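Chain by chain, the residues run as shown.
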Amino acid sequence: MSQTIKYLLLGLTLLLLGIILGFQLKGWMPGGAQGLGDDKLDKLQRTFAFVNGTYVEEPDENKLIDDAIKGMMEGLDPHSFYIPPAEMGQMSEQMEGSFDGIGVQFNILEDTIYIESPLPGGPSEKLGIMAGDRIIKVDGKVVAGTGITNNEVMRLLKGARGTQVRISILRRGYPSELEYTITRDKIPLNSLEYAYMIAPGTGYIRITRFAETTYQEFKTELGRLQLAGMQNLILDLRGNPGGYMNMAYKMADEFLSDGKMIVSTEGRTAQSKQAYHATASLNSFEKGALIVLIDYGSASASEIVAGAVQDHDRGLIVGVRSFGKGLVQVQEEFEDGSAIRIVVSRYHTPSGRCIQKPYTEGSEAYEDEINRRFESGEIFDASKLKFPDSLQYKTTAGRTVYGGGGIYPDIFVADDTTGSSPYFTGLRLQDMFRRFAVDYADRHPELARTYPLAQDFVSRFEVTPEIGQDFVQFAAAKGVAADPAGYDISRRHIENRIKAYIGRKLFNDPAFYPVLHQTDRVLMRAVELIPAASALEATGKLPQLADALDNRQ
């Protein structure tokens, strides 16, 4: 198992700790469970008093309580946990879909804060701050060349709405510093990464999590693409760890006709037993070819959407087996700003599947399960998929689907690893593509005249051998030694990213994603599968395809 994969899986595990799948805990507890017997409470209280009063060193009372709660949560399941006060703010921010700040996307390049883009509608954009600006002072203090970190930048620039911060920037073509006083405001934190027409008649939408604003973001972009002529849709949920359950069933409702089951939940209490059905009011895309992309990082709310689409034969599920989280969590907050999240029910797809993977062997084995998929070869080879015969279910049209460990795709398409090399990995880890793009665009101001629009750049710009050599020399000077053999192995991916990041520097996302997607094997295959998705919608049957799973026919 490579270090890159291990870090990826660690990041997924940490991100899963931020999933909220449900509502506040108050009102969920049954009357008989709201208190413990006197003997059990006495045992807890006596233990605390004994440790606090007699331990060899004076303990931290708050830590004793926190550790006790953590231990209680760890004994339940991998998705019930305690959130300390220090972590609550950041986790809530991710799920609420906004934060207070100046509204810029930044990176640190050459020890300088580089603005990749001002966020639309934010205070920085309104003042005229531009992509490519370099922040050299904050409130009069020099921040360039000081070894500043990302966390320090966020501490300086984020702040309460209505407060002000003064920044000094350098901008290409201006001989002196430009100074701005920015009033911080509420900044949207979008969960919809990008949406565009990827092919004639076919739209593409990527959702990175299910936060408070996700459904509205999706609805807005879906409408925009329909006005642009979209008849088919590719919904990309790869790497999406989930989030709010109501965002998931609202999104699924847009694809399904009135009355169809979306998801049901089953738990120990009356409140945990719920069923959610499609309505007549949410029906923006009930007709048209639909493909949902998933992978081993697609979990929870992502699997609710994919499961509902698959069970009703509404669209094709393409990619590799999803994570396998079918648990519903709720949250209880404490006065000190901490909280606990506990699992209160399991959810079932319309066919009755529970897709939660087993966790009886403990948290460590549970977290290592994705590693075992890589080691077995399942991630790259459909023949390695093991279907649990005891957990077979039927879709509306009678196709066989499986529970017990994620959503199995209708069409297995793995990521392309043929262009991987240690050289390419080193370039990515050292952020060379972004760094080179900034440098190259600064040295070639004529690009803005040659390519006035993003689509001009996407269709006409080419990475020539001279640009490729320029990049290799730039990377070598920054610490990634030239590797001609590695370049040849990864040429397609390297040159694609050179172009994509130059496009982002010039035009932001409209010249970034359409270029980057050209080497996305899974997405390009999905575009080819639109006719198969149309056939499935019309007949309820999956056409014979070389990469379809045989037992899904």
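Residues numbered from 1 in each chain as written. Predicted model: local features only at pLDDT ≥ 70, side-chain atom pairs only at ≥ 80, totals over all residues. Heavy atoms only, no water.

This part covers the sheet that holds strand β12 (residues 232-236). Read from one edge of the open sheet, 6 strands run β10-β11-β12-β15-β16-β21, paired in mixed fashion. With one partner strand each, in any of the chains shown, β10 (192-199) and β21 (411-412) form the two edges of the open sheet. Here strand β15 (residues 290-294) runs beside strand β16 (residues 316-319); their pairing, made up of 4 bridges, is parallel. Paired with Leu 293 across the strands is Val 318, a residue of β16. (Pairing = 2+ DSSP bridges. Helix = DSSP H or I, 4+ residues; strand = E, 2+ residues; numbered from the N terminus.)

On the surface, Phe 50, Val 51, Tyr 55 and Val 56 cluster together into a nonpolar patch covering about 460 Å² of accessible area. Within the secondary structure, Tyr 55 is located in the loop between α2 (38-54) and α3 (61-74). (Patch = residues over 30% accessible without salt bridge, like charges linked within 9 Å, V, L, I, M, F, W, Y side chains within 5 Å. Areas by Shrake-Rupley, 256 points an atom, 1.4 Å probe, with all protein chains shown as cover. Salt bridge = Lys/Arg side-chain N within 4 Å of Asp/Glu carboxyl O.)

Residues Ile 291 and Leu 316 are the most contacted members of the largest nonpolar core, which totals 55 residues. It is helix α18 (residues 491-507) that provides the largest number of residues to this core, a total of 6 residues. Formed by 43 residues, the second largest nonpolar core is a distinct cluster that contains Tyr 215, Ala 252, Ile 294 and Ile 407. (Core = buried A, V, L, I, M, F, W, Y, C linked by side-chain atoms within 4.5 Å. Buried < 20%, exposed > 50% of the residue type's maximum accessible area, 1.4 Å probe, protein only.)

Attention shifts here to the packing of aromatic side chains. The full count for this structure, using the stated rule, is 25 aromatic pairs. For the ring pair Tyr 296 and Phe 374, a centre distance of 5.1 Å and an interplane angle of 75° mean the geometry is edge-to-face. In this pair, Tyr 296 sits in the loop between β15 and α9 (301-311) while Phe 374 sits in helix α11 (residues 369-376), placing the two residues 78 residues apart along the sequence. Each ring, one from Phe 512 and one from Tyr 513, has its centre 5.0 Å from the other, and the planes form 75°; the classification is edge-to-face. For the pair formed by Phe 512 and Tyr 513, the shared burial category is buried. (Phe/Tyr/Trp six-rings, centres within 6.5 Å; stacked < 30°, edge-to-face > 60°.)

In summary, the side chains of a regular strand alternate between the two faces of the sheet. Pairing between strand β4 (residues 112-118) and strand β5 (residues 134-138): 2 bridges, direction antiparallel. Counterpart to Ile 113 in the pairing with β5 is Ile 135. By the bridge criterion, 4 bridges tie β5 to strand β7 (residues 164-170) in an arrangement that is antiparallel. Within the sheet, the bridge partner assigned to Lys 137 lies in β7 and is Ser 168. Sheet analysis places β5 next to strand β6 (residues 141-142), joined by 2 bridges and oriented antiparallel. Bridging across to β6, Val 138 finds its partner in Lys 141. A loop of 2 residues connects β5 with β6, the two strands running antiparallel in sequence, and Asp 139 in this loop sits at a positive phi of about 50°.

For the rest of this paragraph, the subject is helix α13 (residues 432-443). The terminal C-alpha atoms of α13 lie 16 Å apart, and with 12 residues this matches the ideal 16 Å at 1.5 Å per residue to within 8%. Of all 12 residues making up α13, 10 are buried, and the element is well covered by its neighbours. Residues of α13 that are buried include every one of Met 432, Phe 433, Arg 434, Arg 435, Phe 436, Ala 437, Val 438, Tyr 440, Ala 441 and Asp 442, and no others. (Expected span 1.5 Å × (residues − 1).)

Right, let's get into the packing of helix α12 (residues 422-429) against α18. Between α12 and α18, whose axes approach to 10 Å, the crossing angle comes to 20°. It follows that α12 is roughly parallel to α18 by the angle criterion. The handedness of the crossing between α12 and α18 comes out as left-handed. Contacts from Tyr 423, Phe 424, Leu 427 and Arg 428 of α12 reach α18 at His 493, Ile 494 and Arg 497. Considered class by class, the residues forming the contact of α12 with α18 number 4 nonpolar, 1 polar and 2 charged. (Axes fitted to C-alpha atoms, helices over the stretch in contact; angles between N-to-C directions. Parallel < 35°, antiparallel > 145°, perpendicular 65-115°, else oblique. Left-handed = near helix turned anticlockwise from the far one by under 90°. Contact = heavy atoms within 4.5 Å. Nonpolar A, V, L, I, M, F, W, Y, C, P; charged D, E, K, R; others polar.)

On to helix α20 (residues 521-528). The complete set of buried residues in α20 reads Val 522, Leu 523 and Ala 526. An end-on view of α20 places all buried positions within 95° of arc, on one side of the element. (Arc of directions from axis to C-beta.)

The next thing to look at is the packing of α13 against helix α16 (residues 465-477). Two elements in contact, α13 and α16, have axes separated by 10 Å at closest approach and are oriented at 120°. Taken together, α13 and α16 sit at an angle that is classed as oblique. Crossing hand, α13 versus α16: right-handed. Together, Met 432, Phe 433, Arg 435, Phe 436, Asp 439, Tyr 440 and Arg 443 of α13 and Ile 467, Asp 470, Phe 471, Phe 474 and Ala 475 of α16 make up the contact between the two elements. Class assignment for the residues of the contact of α13 with α16 results in 8 nonpolar, no polar and 4 charged.

These figures come from the coordinates and say nothing about function on their own.
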